[in-house]
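Single-letter residue listing:
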Amino acid sequence: KVDESQWTSLDCPVIQQCNFSFDAKAPGMCMLPKKVATAIYKKLVGAKTMWCHNVCVYKGVTGFATVLAEQHGLKFTSADAIWDFLVAEKPPEAGCCRKCVGRFAGSLTNNILTCRGGLAEHDHDNTCSEITCLFIKSGLQCPIHQMVPWALKEPKFQSKRRPTSFPSNFSGF
């Protein structure tokens, strides 16, 4: 079953943060199995980068887009259809036309994760895979690799540079 777009994301702005927040341990969350999530996101101190485009709200349930799509038998053949799926119910502006390439930041005092803080050159983990990223799972290019590869710290991205036209403290492209 292919999820058909009601509007095209082609002309939607790409943004670096959208302020979407969720409680990662709230009842009913549709997250990755704990063992899988721990292997991907845990490191000696703190946690690895979790990207905003990996989490969405579908039929009132917040969770990993890959898990929600699989549970509902949804398959995607275009990036635009995925973007539409990701933002259809996602606060703070559900259904608004945007492509967020932001990352979640948390607090040591609670389980709330918020897409904020912007991106820094070579400072974020490449945690997108078929397990975490609906684009890769659908055989498409990950938007982080495509739009902001300079934000990733792994060696294969070290030659990528933040464009000079990209202000250092900017919440949108």
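Keep in mind it's a predicted model, so treat the numbers as computed, not measured.

Definitions and cut-offs
- Residues numbered from 1 in each chain as written.
- Predicted model: local features only at pLDDT ≥ 70, side-chain atom pairs only at ≥ 80, totals over all residues.
- Heavy atoms only, no water.
- Helix = DSSP H or I, 4+ residues; strand = E, 2+ residues; numbered from the N terminus.
- Buried < 20%, exposed > 50% of the residue type's maximum accessible area, 1.4 Å probe, protein only.
- Contact = heavy atoms within 4.5 Å.
- Areas by Shrake-Rupley, 256 points an atom, 1.4 Å probe, with all protein chains shown as cover.
- Pairing = 2+ DSSP bridges.
- Phe/Tyr/Trp six-rings, centres within 6.5 Å; stacked < 30°, edge-to-face > 60°.

Regarding its fold elements, the protein presents five helices and seven strands. Across the 173 residues in the protein, those meeting the buried criterion constitute 43%. A separation of at least 24 residues holds for 71% of the contacts in the protein among residues at least 6 apart in sequence. When the accessible area of the protein is evaluated, it comes to approximately 9,100 Å², of which 53% is carbon and sulfur surface.

Attention shifts here to unusual backbone geometry. In most cases, non-glycine residues show a negative phi, while peptide bonds are predominantly trans. Phi angles above zero are rare outside glycine, and Lys 59 is one such case at about 55 degrees. Turning to its location among the elements, Lys 59 is positioned in the loop between β3 (55–58) and β4 (61–64). Lys 59 gets classed as exposed once you look at its relative accessible area, which sits at 58%. You will see that His 122, though not glycine, has its phi angle at about 50 degrees, which is positive. Here His 122 lies in the loop between β7 (112–115) and α4 (134–137). The exposure class assigned to His 122 is buried, which follows from its relative accessible area of 16%.

Here β3 shows two buried faces, one formed by Val 55 and Val 57 and the other by Cys 56 and Tyr 58. Pairing of β3 with β4 involves four bridges; the strand directions are antiparallel. From the neighbouring strand, Val 57 faces β4, where its bridge partner is Thr 62. Hairpin connection from β3 to β4: two residues lie between these consecutive antiparallel strands, with Lys 59 at a positive phi of about 55 degrees.

Here we take up the packing of aromatic side chains. Tallying each qualifying case throughout the model produces seven aromatic pairs. Where Tyr 41 meets Phe 64, the ring centres are 6.2 Å apart and the plane angle is 40 degrees; that geometry is what we call tilted. On the criterion of sequence distance, the pair formed by Tyr 41 in helix α1 (residues 34–41) and Phe 64 in strand β4 is long-range, its members being 23 residues apart. Accessibility classification places Tyr 41 together with Phe 64 in one group, the buried group. For the pair Tyr 58 and Phe 85, a centre-to-centre distance of 5.1 Å together with 50 degrees between the ring planes defines the contact as tilted. Taken together, the residues Tyr 58 in strand β3 and Phe 85 in helix α3 (residues 79–87) connect sequence positions 27 residues apart. Exposure class is identical for Tyr 58 and Phe 85. Each is buried. Cluster of aromatic residues (ring-pair linked, three or more members): Phe 20, Phe 22 and Phe 104.

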